[in-house]
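Each chain, written out:
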Amino acid sequence: MRLLQRLALGRFYARLPEWVRIVVAVAAVVLGVVIVIRPTTALGVLAWLIGGGMVLTGVLELTGRDGEGARPRWRTITGGAWVVGGLIVLLTPGLTVRVVATLVGVLLFAAGAAGLVAVFAKGRTLDARIADAAFSISGVIFGVLALFWPDITLLVVAVVFGARLIMSGVTDLWTRLRRRRDTEAERLHRPRRFRRWGRTVTALVSVALAVTTALVTVPLREGSTVVDDFYAAPRDMPGQPGRLIRAEPFTAGIPVSATAWRILYTTTGVKGEVRVASGVVVVPKEGDGQWPIVDWNHGTTGFSESCAPSLQPRGLWSGALYILPTIIRQGWAVVATDYIGLGTEGPHPYLIGPPSATASLDAVRAARELQDADLGTRTVIWGHSQGGAAALWAGSMAREYAPELYVQGVAALAPASDPPALVQNIASVTGGSIFASYAFAAFSSIYDDVSYDEYVRPGADTVLRQMSERCLSDPSIVVSVAASLGMSGDPRLFSQPPASGTLGVHLRENAAPLRQNAPVLLAHGGADSVIPVATQTAFTKRMCAAGQVVDYRIYDGYEHAAVVERPSPLLDELIEWTTARFAGEPGPEECSTTRK
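This one's a predicted model, so the numbers in the text were calculated from it and none came from an experiment.

1. Details of the overall build of the protein chain
Stage number 1. Secondary structure assignment for the protein chain yields 20 helices and ten strands.
Stage number 2. Taking all contacts inside the protein chain whose residues are at least 6 apart in sequence as the whole, residues at least 24 apart take part in 77%.
Stage number 3. By element, 60% of the accessible surface of the protein chain is carried by carbon and sulfur atoms, the whole surface being about 24200 Å².

See below:
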């Protein structure tokens, strides 16, 4: 008590009316609820909420009472630490997300550990020991969750700290209301039943909540698929691009009517060097061979090596090729690149055109060396989203880079044709920060003059970096989605416009080419929120102005991914359009726009 009396906050708070202390406890509960149910609040606002919550936690620690009316010295110390920590967060807005998360995690863990030690002090009643032990255990669990999750940072810290703040407020409120009832019972000479066990019950609930949180979130901490030795480049790697290195049977997501292999092959990297890439080759089981080839360029799956479609349980489905059985029924083969850096050693050139195109074309060249596949030369290039832009690049480069391939058409489906516009718009897109994380990871890894420090504010830097390590197919991506929701409402995600400066230069360099050497189908969802239809329409007009004939089709009501899923009418039209290309029918003679 002497130590408490030395604290100005303790002396000040002790003079306040009891109703003020009740209001503080209620405020703690309310703030905790707000933090828990709105963990995706903009990062800056969330940091303020947590800072205020830390101060309230300290106040409750410094001025509350345990079940015996005593004030253990360890609670005075931890209370002071909470107040100081909260003031640091409130008065230092430049703190990074990771620092705030670490500070909260350390305080939760330290307070819990101190409480566990104090449980064994002499002179404690059973209910007080149980309550302190339970609160301490929950604090340790919450602290460990906050400190050792791989990339949750402020999001999970908000949830666990908010829950802890609710419990602290409820406990203090119970204690104060109980004291008032006890006083009234003494005045009326009534028995005081269960006078201390309410705090104990609340503490046990906090343990149950902490354990439940830890168990429920286990699936979210599962790692990505493991990259195996198949993807390792051999020492005697061929010195030319488009050469097959190895192949083995592949079954993930392959229909029973088809035979498939995953392949490792050589291709051309960003700087013209020979690199390795992986992919999948699928052919019909029945037929005469010399199969026409659909050169598939998949949509976004992630940035890290484990995000290759050939590593995923559902195979090509993970990259938005949802109609593989239909393609096989047409008597066509599919050659699907993973791109450089997905499966094979990175970095993955996400949204970077030339190496994406060479990986696509070299996959077909290498697959034609696979004798059991029996592929022909007639090729139509397909791609969705990221892969739509890659398809446009591949179609533009094919005649010069891979003249042995007979490219008869290019179908770009919701293509990321205009990277500057895409990245500029991404902060306003729900979940868009995930795609931003992949883009920043790629461009900062490949271009020496692009850095996070220049474009991303410190509070979002760590979150973006860690998001980029997750694949879209990972169970834990829901954490990135939730964090992204918070960041999408934060106008300060970027410290400067991403389409400016050196990053803007490189983004513009990787805009899709305006001219192709084959008929072009460009399809887009009218309700696309990732790439607005206005952006795609403007790009199409530039293509037409450059002399390229484009068959541009807009499908009203369809979102970015839904446009390539059933029941989108695009799918049947895509099969019909591709059939005409393989048959050698000429494409349209002038640009056209059709809304469906």
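Moving on from the model shown.
2. A look at a nonpolar patch on the surface
Stage number 1. A contiguous nonpolar patch, built from Val26, Val30 and Val34 and spanning about 200 Å² of accessible area, is present on the exposed surface.
Stage number 2. Val26 gets classed as partly exposed once you look at its relative accessible area, which sits at 37%.

3. Description of empty space enclosed by the protein
Stage number 1. Counting across every chain of the model gives six cavities of 30 Å³ or more.
Stage number 2. By volume, the second largest cavity is sized at about 70 Å³.
Stage number 3. Every residue lining the second largest cavity is listed: Tyr339, Leu351, Ile352, Gly353, Ser356, Gln386, Ala389, Ala390, Trp393, Ala416, Pro419 and Asn510.
Stage number 4. Looking at the lining of the second largest cavity, the elements with two or more residues in it are α11 (353-367) and α12 (386-401).
Stage number 5. Counting residues per element, the lining of the second largest cavity draws most heavily on α12, at four residues.

4. Some remarks on the packing of aromatic side chains
Stage number 1. Scanning the model with the defined rule gives six aromatic pairs in all.
Stage number 2. Judged by centre distance (5.2 Å) and plane angle (65 degrees), the ring pair of Trp317 and Tyr322 falls under edge-to-face.
Stage number 3. Here the aromatic rings of Tyr350 and Tyr438 are separated by 5.9 Å at their centres, their planes lie at 80 degrees, and the arrangement is edge-to-face. Of this pair, Tyr350 sits in the loop between β5 (333-339) and α11 while Tyr438 sits in helix α14 (residues 432-446), placing them 88 residues apart in sequence.

5. Regarding the state of the cysteines
Covalently bonding the sulfur atom of one cysteine to the sulfur atom of another cysteine gives a disulfide.
Stage number 1. Counted under the stated rule, the structure contains two disulfides.
Stage number 2. The disulfide bridge from Cys307 ends at Cys471, spanning 2.0 Å between sulfur atoms. Here the S-S torsion is close to -90 degrees, and the disulfide linking Cys307 with Cys471 is therefore left-handed. Of this pair, Cys307 sits in the loop between β4 (291-297) and α10 (324-329) while Cys471 sits in the loop between α16 (458-467) and α17 (477-488); the two residues are 164 residues apart in sequence, bridging distant segments of the chain.
Stage number 3. One disulfide bridge connects Cys544 with Cys591, the sulfur atoms lying 2.1 Å from each other. Linking Cys544 and Cys591, the disulfide has an S-S dihedral of approximately -115 degrees and is accordingly described as left-handed. In this pair, Cys544 is assigned in helix α19 (residues 533-545) and Cys591 in the loop between α20 (570-582) and β10 (592-595), connecting sequence segments 47 residues apart.
Stage number 4. For Cys544, a relative accessible area of 26% puts it in the partly exposed group.
Stage number 5. Each bonded cysteine in the protein chain gets a number by its place in the sequence, and the pairs come out as 1-2, 3-4.

6. Observations regarding the pattern of salt bridges
Stage number 1. Applying the stated rule across the entire model yields twelve salt bridges.
Stage number 2. The partner of Arg365 in a salt bridge is Glu404, with the nearest N and O atoms 2.7 Å apart. A residue pair is termed long-range when its members are at least 10 positions apart, and Arg365 in helix α11 and Glu404 in the loop between α12 and β7 (406-413) qualify at 39 residues.
Stage number 3. By relative accessible area, which is 38% here, Glu404 ends up partly exposed.
Stage number 4. Between Arg542 and Asp418 there is a salt bridge; the shortest N-O distance is 3.4 Å. Of this pair, Arg542 sits in helix α19 while Asp418 sits in the loop between β7 and α13 (419-425), and the two are 124 residues apart along the sequence.
Stage number 5. Its relative accessible area of 36% is what places Arg542 among the partly exposed residues.
Stage number 6. Put simply, Asp551, Arg553, Glu573 and Lys596 are held in one network by salt bridges that share partners.

7. Side note on unusual backbone geometry
Stage number 1. Geometrically, the link from Gly346 to Pro347 is a cis peptide bond, its omega value of 10 degrees lying close to zero.
Stage number 2. Positionally, Pro347 belongs in the loop between β5 and α11.
Stage number 3. Following Arg566, the chain continues into Pro567 via a peptide bond in cis, with omega recorded as 15 degrees.
Stage number 4. Turning to its location among the elements, Pro567 is positioned in the loop between β9 (550-555) and α20.
Stage number 5. For Ala320, which is not glycine, the phi torsion reads 85 degrees and is therefore positive.
Stage number 6. Relative to the helices and strands, Ala320 resides in the loop between β4 and α10.

What counts, and where the lines are drawn
- Residues numbered from 1 in each chain as written.
- Predicted model: local features only at pLDDT ≥ 70, side-chain atom pairs only at ≥ 80, totals over all residues.
- Heavy atoms only, no water.
- Helix = DSSP H or I, 4+ residues; strand = E, 2+ residues; numbered from the N terminus.
- Contact = heavy atoms within 4.5 Å.
- Areas by Shrake-Rupley, 256 points an atom, 1.4 Å probe, with all protein chains shown as cover.
- Patch = residues over 30% accessible without salt bridge, like charges linked within 9 Å, V, L, I, M, F, W, Y side chains within 5 Å.
- Salt bridge = Lys/Arg side-chain N within 4 Å of Asp/Glu carboxyl O.
- Buried < 20%, exposed > 50% of the residue type's maximum accessible area, 1.4 Å probe, protein only.
- 1 Å grid on protein atoms, 1.4 Å probe; cavity = no way out; pocket = protein on both sides within 12 Å on 5 of 7 lines; lining within 4 Å.
- Points joined across faces, edges and corners; volume = space filled by probe spheres on them.
- Phe/Tyr/Trp six-rings, centres within 6.5 Å; stacked < 30°, edge-to-face > 60°.
- Disulfide = S-S within 2.5 Å.

That's the geometry; what it means functionally is another story.
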